[in-house]
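# Descriptive analysis of the structure
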Amino acid sequence: MWHGLGWPIYRFMKSYFDQLGRTVQKRWQQKNFSLESFPEIASSAMVESPPSESVDLEEMIHEFLINDDQPFQSQSGFGQPELVAFNHSRFYIRILFWLEGTTDVHQHEFSGAFHVMSGSSIHAEYEFETAHPVTPYLSVGDLQMKKIALLETGRTVPISSGRRCIHSLFHLDMPSVTVVIRTHNDPGTGPQFNYLPPHVAIDPIHAGSDALMMRRKQLLGVLETLGDPEYAERVCEMVESLDFERGFHTLLHAMEYLQALGEWEMVLEVFQKKHGELATGVSATLGESLRRDVITRMRSYIEEPEHRFFLALLMNAPNRLEIFTLISARFPNQGPASVILAWAEELIEPTDFGLAILDAVFPETLDVPIQKQAEMLLAALQNGLEGGAAAESLPGELEEIQGVLRASSLGVLFD
Ligand SMILES: [Fe+2]
């Protein structure tokens, strides 16, 4: 069988990807393997013959399990897992499975294109402005979100190497499967920075290979487990004597425990005093990093797809308006505020201290019986979603509840 564009429909995965690879190879060779031309060649090949329409996922899995005639498989830990479907000396095609994957904001040392073969994702694109390299492995600057959109099955997106393409993906369905046609490596476009919004870029490979820091963090873990009363003092000494990069990684590691100890502000001040202007964006970056960690942890026990979509929005979207737009794209026939209220109601759970929506726990200071808490939490949320009557005009109790919501992962709904 053939598509209108002259592409056959393949019964077997291998023949499909062989044909896709050979087409890309031939077209790229005609462009003298110019790196500039590769993203367009890779994406148009998948737009013409979309993997989402050409390959049956179940058959593909079955065939990969029993057919030994496969390209060389990598040892890559990326994807859950990564299958190599076509390999050429200048590029390869990989199929990535994602079970609960969310990527950090990142750039690439390669170029090409990716295609959503199964499932869907929230895709956010960024620019890193006023970048100031502290070392070749760490820069400070301003990460600005340029676009956030829902990528449904069948969408193809070009990838450029380096800072031209900074993005993140939050996969919504289990599994999400993407096909990537990519170069092995684009010389001179590394390192493959990860971005910690809103102000820091780090080379994760360099950070991961600093064995001395790894051991120091493990040693801090020992002090934490032992409840060492000198913990905060030790961390202070570290950030006082170490360089910016190692000091930053120390703070990143110790922040949550220091906050629980009530010592965070004191340690942060030592770092800020030492590094002056260079440290300006560090507090906001560490705060955002912790917020994202909290949402990622909730994702590990929240399985309902719509609730995971809600978490994706809370983690990635910059404000209420963008969240409403993304909900309307996915659920065009429902009002976004009522969708959120329905999710919030489904997510209400009892804790030791009272009812909670995600990490927003009903304030203990209010003496309200548990039977009434759900209604009040939802009323405070609804007020925020409606752009709200100013908090000060709310009854005192709702104002206090709204304060808890604002300080939680739901805070972005009030921006
Ligand atoms: Fe990527």
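Higher on the page you've got the structure.
Just so you know, these numbers come straight off a predicted model, no measurement behind them.

Calculation rules
Residues numbered from 1 in each chain as written. Predicted model: local features only at pLDDT ≥ 70, side-chain atom pairs only at ≥ 80, totals over all residues. Heavy atoms only, no water. Helix = DSSP H or I, 4+ residues; strand = E, 2+ residues; numbered from the N terminus. Buried < 20%, exposed > 50% of the residue type's maximum accessible area, 1.4 Å probe, protein only. Contact = heavy atoms within 4.5 Å. Areas by Shrake-Rupley, 256 points an atom, 1.4 Å probe, with all protein chains shown as cover. Lys, Arg positive; Asp, Glu negative; His and termini not counted. Charge placed at Lys NZ, Arg CZ, Asp CG, Glu CD. Pairing = 2+ DSSP bridges. Axes fitted to C-alpha atoms, helices over the stretch in contact; angles between N-to-C directions. Parallel < 35°, antiparallel > 145°, perpendicular 65-115°, else oblique. Nonpolar A, V, L, I, M, F, W, Y, C, P; charged D, E, K, R; others polar. Donors = N, O, S within 2.8 Å, 3.2 Å for Na, K, Ca; no water. Core = buried A, V, L, I, M, F, W, Y, C linked by side-chain atoms within 4.5 Å.

## Structural notes on the overall build of the protein chain
- Helix and strand counts for the protein chain stand at 15 helices and 14 strands.
- The buried share of the protein chain, reckoned over its 415 residues, is 50%.
- Long-range pairs, those at least 24 residues apart, make up 69% of the contacts in the protein chain with a sequence separation of at least 6.
- Total accessible area on the protein chain is roughly 19900 Å²; 52% of this is exposed by carbon and sulfur atoms.
- Averaged over its 30 positive side-chain charges, the protein chain has a centre that lies 10 Å from the centre of its 57 negative ones.

## What to know about the sheet that holds strand β2 (residues 91-98)
- Here 5 strands make up an open sheet; going across it, the order is β1-β2-β9-β4-β7 and the pairing antiparallel. Among the strands making up the open sheet, the edge pair consists of β1 (82-87) and β7 (156-159). Each adjacent strand pair in this sheet contributes to an overall mean axis angle of 20°, direction not counted.
- Bridging between strand β4 (residues 112-118) and strand β9 (residues 176-183) involves 6 bridges; their strand directions are antiparallel. Pairing of Phe114 across the sheet is with Val180, part of β9.
- Docked against the sheet, helix α1 (residues 13-30) engages β1, β2 and β9, running at close to 135° with respect to β2.

## Quick look at the packing of helix α10 (residues 282-299) against helix α11 (residues 305-316)
- Two elements in contact, α10 and α11, have axes whose closest approach is 10 Å; the angle formed by their N-to-C orientations is 175°. As far as their axial angle goes, α11 and α10 are roughly antiparallel. Contacts from Glu288, Arg291, Arg292, Ile295, Thr296, Met298 and Arg299 of α10 reach α11 at Arg308, Leu311, Leu314, Met315 and Asn316.
- Residues that form the contact of α10 with α11 fall into these classes: 5 nonpolar, 2 polar and 5 charged.

## Points about the coordination of the iron ion
- For the iron ion, the protein coordination sphere consists of His106 (NE2), His108 (NE2) and His167 (NE2), at 2.1 to 2.2 Å.
- Positions of the donor residues of the iron ion along the chain correspond to the pattern H-x1-H-x58-H. Each member of the pair His106 and His108 is classed as buried.

## Topic: the nonpolar core
- Ranked by size, the top nonpolar core spans 57 residues in total, and within it Ile340, Leu358 and Leu413 carry the most contacts.
- The element that contributes the greatest number of residues to this core is α11, accounting for 7 residues.
- Residues contacting Ile340, with those up to four places away along its chain left out, are Phe310, Ile323, Phe324, Ile327, Leu381, Leu385 and Leu413.
- Listed in part, the 30 residues of the second largest apolar core include Leu138, Phe248, Tyr257 and Leu258.

## Some points on the sheet that holds strand β3 (residues 105-108)
- On the basis of which strands lie adjacent, the closed barrel formed by 6 strands has the order β3-β8-β5-β6-β11-β10 and antiparallel pairing. Going across the sheet, the axis of each strand differs from the next one's by a mean of 40°, ignoring polarity.
- By the bridge criterion, 3 bridges tie strand β6 (residues 138-151) to strand β11 (residues 200-202) in an arrangement that is antiparallel. By the bridge assignment, Ser139 is partnered in β11 with Ala201.
- Where helix α8 (residues 244-261) meets the sheet, its contacts fall on β5 (121-135), β6, β10 (194-196) and β11, and the angle it forms with β6 comes to roughly 50°.
- Strands in contact with α11 are β5, β6 and β8 (162-171); relative to β8, the strand with the most contacts, it is inclined by about 150°.

## Digging into the environment of Ala85
- The residue Ala85 is located in strand β1 in this model.
- Measuring from C-alpha to C-alpha, the distance between Ala85 and Pro71 comes to 6.3 Å, with 14 residues separating the pair along the chain.
- Among all residues touching Ala85, those that are not within four sequence positions of it are Met13, Phe17, Pro71, Ile93, Arg94 and Ile95.

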